Amino acid sequence: MTTETTNRMDLTFQKLKTEGRAALIPFLTVGDPDLETTLDIIAELEAAGADMLELGVPYSDPLADGPVIQRASSRALRSNVHLRTCMETALKARQAGSELPFILFTYYNPVMQMGLDTFFAALDAHEISGLIIPDLPVEESEEMRERSRAAGVNLIPLVAPTSSERIARIVSGASGFVYCVSSLGVTGERSAFHSGIDEFIASVRRSTDLPIAVGFGISTGEQVSRFAKICDGVVVGSAIVRKVEEVIPLLAEPQTRSAGLLQIREFVAQLRP
């Protein structure tokens, strides 16, 4: 992996720190509604001010995904979108001019099916900067952490409000940033978050020098601003995937496609902290 690719995420966080603002990190289900449109949406998200991008690999049996992302995965799976397809989409976006650090969000089964040697070689070849595997517990992650370090890929852990005494262990092997889960349960838009969320984030901050991003349930500009004051990054997923779902009829017709893409861009632009 090139030095540019390895450092792309770290350099982004450094730049944002000098600017005094948090990263906006959208989540997108690759292949929803189709791969060509995914490439167009990536360009729109970057134009809207996204700083990094989570590329969700569609999966048939998700652990962390709520109904909105499950529906998006179902649409993508009908088009046979899979792990390697998602990596290829990231590389195509890079070749089209994207400068965003790409974070692959996948479950462990597709990784295991590909094989770790092939998987990490593909991450390198397709310029993936980070990796999130929500169903990989820290107790079973040693080999993935070692492989990620060797490959120069940031393995980003999820830390939940219920992690308590496990926080220090979870973040000890992290790189890139630590992903704090704002709410219990699966992804999805929420009007309220875990009651102890501020102290939870503070406790994670005491356990690591890495940047901290928060996600799960964040869906409005007001919520992004609220967490941007105490975190280094804010992830918005279901709200963006829902917006894509809403404009699929527009995206499907050549005469309205641009209007649909513009709606996605405008929605994400108003989230930027």
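Parameters at a glance
- Residues numbered from 1 in each chain as written.
- Predicted model: local features only at pLDDT ≥ 70, side-chain atom pairs only at ≥ 80, totals over all residues.
- Heavy atoms only, no water.
- Helix = DSSP H or I, 4+ residues; strand = E, 2+ residues; numbered from the N terminus.
- Buried < 20%, exposed > 50% of the residue type's maximum accessible area, 1.4 Å probe, protein only.
- Polar contact = N/O pair within 3.5 Å; in protein donor to acceptor, adjacent residues only side chain to side chain.
- Contact = heavy atoms within 4.5 Å.
- Pairing = 2+ DSSP bridges.
- Right-handed = clockwise from strand over helix to strand, strands pointing away.
- Phe/Tyr/Trp six-rings, centres within 6.5 Å; stacked < 30°, edge-to-face > 60°.

A. Local environment of the side chain of serine 148. With respect to the secondary-structure elements, serine 148 resides in helix H7 (residues 142-151). The class for serine 148 is buried, based on a relative accessible area of 1%. Of note is the side chain of serine 148, whose polar atom sits 2.8 Å from the backbone oxygen of methionine 144. Discounting chain neighbours no more than four positions away, the residues touching serine 148 are Phe120, Leu131, Val153 and Leu155.

B. Structural detail: the environment of arginine 147. Turning to its location among the elements, arginine 147 is positioned in helix H7. With 27 residues separating them in the primary sequence, arginine 147 and phenylalanine 120 have C-alpha atoms 7.6 Å apart. Beyond its immediate sequence surroundings of up to four residues, arginine 147 is in contact with Leu116, Asp117 and Phe120.

C. Here's a closer look at the sheet that holds strand S5 (residues 154-155). Spatial ordering of the open sheet is given by S5-S4-S3-S2-S1-S9-S8-S7-S6, a layout of nine strands whose pairing is parallel. Sheet topology places S5 and strand S6 (158-159) at the edges, where each strand pairs with a single neighbour. Inspection of the sheet shows strand S3 (residues 102-105) paired to strand S4 (residues 130-132) by three bridges, in the parallel sense. By the bridge assignment for S4, leucine 104 is matched with leucine 131.

D. Just the pairing of strand S7 (residues 178-181), in detail. Because side chains alternate across S7, one face comprises the buried residues Val178 and Cys180, and the other comprises Tyr179 and Val181, equally buried. Sheet analysis places S6 next to S7, joined by two bridges and oriented parallel. When the bridges of S7 are listed, valine 159 appears paired with cysteine 180. Note that the unit made of S6, helix H8 (residues 167-172) and S7 has a crossover that is right-handed. Bridge analysis of S7 against strand S8 (residues 212-215) gives four bridges, and the strand direction is parallel. Considered in S8, the bridge of cysteine 180 is made with valine 214.

E. Looking closely at the packing of aromatic side chains. Going through the model one piece at a time under the given rule, you end up with six aromatic pairs. Note on tyrosine 59 and tyrosine 107: the rings are 5.0 Å apart at their centroids and 20° apart in plane angle, and the pair reads as stacked. Of the two residues, tyrosine 59 sits in the loop between strand S2 (53-56) and helix H3 (67-77) while tyrosine 107 sits in the loop between S3 and helix H5 (108-114), which places them 48 residues apart along the sequence. Residue tyrosine 59 shares its accessibility class with tyrosine 107, and that shared class is buried. Plain terms: the ring middles of tyrosine 179 and phenylalanine 216 are 6.0 Å apart, the flat faces sit at 90° to each other, and that makes the pair edge-to-face. Of this pair, tyrosine 179 sits in strand S7 while phenylalanine 216 sits in the loop between S8 and helix H10 (221-228), and the two are 37 residues apart along the sequence. Residue classification places phenylalanine 216 among the buried positions, given a relative accessible area of 7%. Each member of the aromatic cluster is reached from another via a ring pair, and the members are Phe27, Tyr59, Phe105 and Tyr107.

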